[in-house]
Amino acid sequence: MSRSLKLNFTMKGNDIMAVSSGVYPCYENQFAVGKTGTDTATTAIANCEEFSVAFDNGVEEWTAFENEGWKSRLMTAKSVTISVKGKRTIGDAGNDSIAELAFKNGTAAQLPFKWTFPNGASVLFKNAVISVTANGAGASTGVAPLEFEVMSNGKPEYTPAA
């Protein structure tokens, strides 16, 4: 059985701006990094291939007498970790910015990081902790990897799609 896929895009002139409905390929997600001491992230990171996202939610629970044995719950904390796998691309400003954090500690390992969703919404982590987990090592015939984790550090700034 053949099925067709309908995607709706927001247009600005001849440019496709954002997916407004339907399914989409994962590459429609985009990542950008900023510079130390700034609150913006506008530099794209070249050669990102794969990513995963983990939400760590703190939930408190209790069992009050009036609930007759049923638990009550309240979400009281959140954090996000984005794990990214890509290829080390020397000379790309975003890729270089991430790779340069491999030997840094403390606040020197923090940068603004922005995740833009296919619908145009975005989340900005102003002081994301960037943990480089692989940088340039591999098999002799392989392409050098750049792998890193972006960990939220305080409440991020979410901007809904326009």
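What counts and how
Residues numbered from 1 in each chain as written. Predicted model: local features only at pLDDT ≥ 70, side-chain atom pairs only at ≥ 80, totals over all residues. Heavy atoms only, no water. Phe/Tyr/Trp six-rings, centres within 6.5 Å; stacked < 30°, edge-to-face > 60°. Helix = DSSP H or I, 4+ residues; strand = E, 2+ residues; numbered from the N terminus. Buried < 20%, exposed > 50% of the residue type's maximum accessible area, 1.4 Å probe, protein only. Contact = heavy atoms within 4.5 Å. Salt bridge = Lys/Arg side-chain N within 4 Å of Asp/Glu carboxyl O.

Asks: Can you break down the packing of aromatic side chains residue by residue, with the values?
Replies: The full count for this structure, using the stated rule, is five aromatic pairs. With a centroid separation of 5.8 Å and an interplanar angle of 75 degrees, the aromatic rings of Phe51 and Trp115 are classed as edge-to-face. Here Phe51, found in strand 5 (residues 48–62), pairs with Trp115, found in strand 7 (residues 110–116); they are 64 residues apart in sequence, far enough to count as distant. Classification of Trp115 by relative accessible area gives buried; the value is 8%. Here Trp115 and Phe117 contribute two aromatic rings whose centre-to-centre distance is 4.3 Å and whose plane-to-plane angle is 45 degrees, an arrangement assigned as tilted. Ring-pair connections join several aromatic residues into one group, and the members of that group are Phe31, Phe51, Phe113, Trp115 and Phe117.

Asks: Tell me what's going on with the environment of Val84, and back it up with residues and numbers.
Replies: With respect to the helices, strands and loops of the structure, Val84 is situated in strand 6 (residues 72–87). Judged by its relative accessible area of 2%, Val84 is buried. Look past the residues within four positions of Val84 in its chain and what remains in contact with it is Phe31, Cys48, Glu50, Phe51, Leu146, Glu147 and Phe148.

Asks: Kindly report on the pattern of salt bridges, identifying the contributing residues and their values.
Replies: Here the idea is simple: oppositely charged side chains can pair when their charged atoms come close. In total, this model carries five salt bridges according to the counting rule given. Across the salt bridge formed by Lys87 and Glu49, the nearest N and O atoms sit 3.7 Å from each other. In this pair, Lys87 is assigned in strand 6 and Glu49 in strand 5, connecting sequence segments 38 residues apart. By relative accessible area, Glu49 is classed as exposed at 54%. The partner of Glu61 in a salt bridge is Arg73, and the shortest N-O contact between them spans 3.0 Å.

Scope: geometric values only; no functional claims are made or implied.
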